[in-house]
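Topology and contacts: notes
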Amino acid sequence: MRRRLLMAAGGIASLSAVTSCSRSPEKTPVSGMTSVDDVKQPQAPSKSPQDAPQDWVSINFSGISVSLLSSLKGPAWRSEWPPYAVSYDLQTNDTSFEHRVLLSGIDASTTADGIRQTTNLMSSYLFENYSEIGRVSWGASGDNPATERVAFYWGPAASWLGWTWLLASKVGTGVVTLLSTALDDGLRNGIENSLTLTRQQQ
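First, a word on scope: everything that follows refers to the structure included in this document. The model shown is predicted, which means the values in this text are computed figures rather than measured ones. (Residues numbered from 1 in each chain as written. Predicted model: local features only at pLDDT ≥ 70, side-chain atom pairs only at ≥ 80, totals over all residues. Heavy atoms only, no water.)

**Here we look at the overall build of the chain**
A tally of helices and strands in the chain yields 3 helices and 10 strands. Sequence-ordered secondary structure for the chain, helices as α and strands as β, is α-β-β-β-β-β-α-β-β-β-β-α-β. Burial status across the chain gives 35% buried among its 202 residues. Residue pairs at least 24 apart in sequence account for 50% of intrachain contacts in the chain once pairs closer than 6 positions are excluded. (Helix = DSSP H or I, 4+ residues; strand = E, 2+ residues; numbered from the N terminus. Buried < 20%, exposed > 50% of the residue type's maximum accessible area, 1.4 Å probe, protein only. Contact = heavy atoms within 4.5 Å.)

**Quick word on the pattern of salt bridges**
The tally for this structure, following the rule as stated, stands at 8 salt bridges. Residues Asp89 and Arg100 are paired through a salt bridge, measuring 2.9 Å at the closest nitrogen-oxygen approach. Here the residue Asp89 occupies a position in strand β4 (residues 86-91), and Arg100 occupies one in strand β5 (residues 97-103), the gap between them amounting to 11 residues. Residue Asp89 shares its accessibility class with Arg100, and that shared class is buried. Between Glu148 and Arg116 there is a salt bridge, with the nearest N and O atoms lying 3.1 Å from each other. Of this pair, Glu148 sits in strand β7 (residues 146-154) while Arg116 sits in helix α2 (residues 112-126), placing them 32 residues apart in sequence. Overlapping salt bridges, with partners in common, bring together Asp113, Arg116, Glu132, Arg135 and Glu148 in one network. (Salt bridge = Lys/Arg side-chain N within 4 Å of Asp/Glu carboxyl O.)

**So, the nonpolar core**
If you look at the biggest cluster of nonpolar residues, it comprises 25 residues, and the most contacted ones within it are Val101, Leu103, Trp165, Val176, Ile191 and Leu195. Of all the elements in the fold, those that place two or more residues in this core are β1 (56-61), β2 (64-69), β4, β5, β8 (160-169), β9 (172-180) and α3 (185-192). Residues within four places of Val176 in sequence aside, it is in contact with Ile64, Val101, Leu102, Leu103, Trp163, Thr164, Trp165, Leu167, Ile191 and Leu195. In terms of nonpolar packing, the next biggest core, distinct from the first, is built from 10 residues, Phe127, Phe152, Leu166 and Leu179 among them. (Core = buried A, V, L, I, M, F, W, Y, C linked by side-chain atoms within 4.5 Å.)

**A look at the pairing of β2**
Counting buried residues in β2 gives 6 out of 6 residues, a clear majority hidden from the surface. Pairing between β1 and β2: 6 bridges, direction antiparallel. Considered in β2, the bridge of Ile59 is made with Val66. Adjacent in sequence and paired antiparallel, β1 and β2 are bridged by 2 residues, among which Ser62 carries a positive phi angle near 50 degrees. (Pairing = 2+ DSSP bridges.)

**Concerning the environment of Pro145**
By the element assignment, Pro145 lies in the loop between β6 (131-138) and β7. The class for Pro145 is buried, based on a relative accessible area of 3%. Between the C-alpha atoms of Pro145 and Ala168, which are 23 residues apart in sequence, the distance is 5.5 Å. Excluding its chain neighbours within four sequence positions, the residues that come into contact with Pro145 are Gly139, Ala140, Leu167, Ala168, Ser169, Leu195, Thr196 and Leu197.

**Quick word on α2**
Its 15 residues give α2 an end-to-end C-alpha distance of 20 Å, which sits within 8% of 21 Å, the value for a rise of 1.5 Å per residue. By the burial criterion, the buried members of α2 are Ile115, Thr119, Met122 and Ser123. End-on, the buried residues of α2 take up no more than an arc of 110 degrees, which puts them together on one face. Exposed positions of α2 whose direction lies more than 90 degrees from the buried face are Gln117, Leu121 and Tyr125. Those residues of α2 that are buried lie in contact with β8 and β9. (Expected span 1.5 Å × (residues − 1). Arc of directions from axis to C-beta.)

**Some details on the sheet that holds β9**
Hydrogen bonds along the backbone pair up the strands of a sheet, which may run parallel or antiparallel. Taken together, 7 strands build an open sheet; the order of strands is β3-β4-β5-β9-β8-β7-β6 and the sheet is antiparallel. Two strands close off the open sheet at either side, each with one partner strand: β3 (73-77) and β6. With direction set aside, neighbouring strand axes in the sheet form an average angle of 20 degrees. The sheet contact formed by β8 and β9 spans 9 bridges and is antiparallel. By the bridge assignment for β9, Thr164 is matched with Thr177. In the packing of α2 onto the sheet, the strands contacted are β6, β7, β8 and β9, and the crossing angle to β8 comes to about 160 degrees. (Axes fitted to C-alpha atoms, helices over the stretch in contact; angles between N-to-C directions.)

Rendered as structure tokens:
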């Protein structure tokens, strides 16, 4: 009986302690955590040119044809960034951008191996902390040129993604690169699925 009374007393004491804690004005351990609603969520990928044609525009620069989101502005001339000649940008402010598409134009005198070597060399020079992830290539099909796609990290922390498409057909070679600070698979796929090379008019 004495043992039971001691256990009961202990239980009451413990219950009192719990009650006392529940009345404490101190913040709970999770009170300083950020709500899910307050965390910036990844943006939804852009719809494809087929699903939202009003959001896209087809361009042809120096023989390279591609579809871009109409929100990208350009062309801006980039003669100091060989092998690229122009860029189309979605800027967030005067000094930074969310997406930048770089185009070289067709080179009828350089082989696929030559454009690959030039691009490999210049990518390390032009893109901060350039770090290649991997390559995949596929052959020409219809109007689509033979293509080698290079995925890479870049940026101050080497955490942003970029893709370069090395293009080759009977009319010449060309290079297109997408630099992104925010992932948009819809933009990347829209570019990749629309790339063609056309003979330049003399």
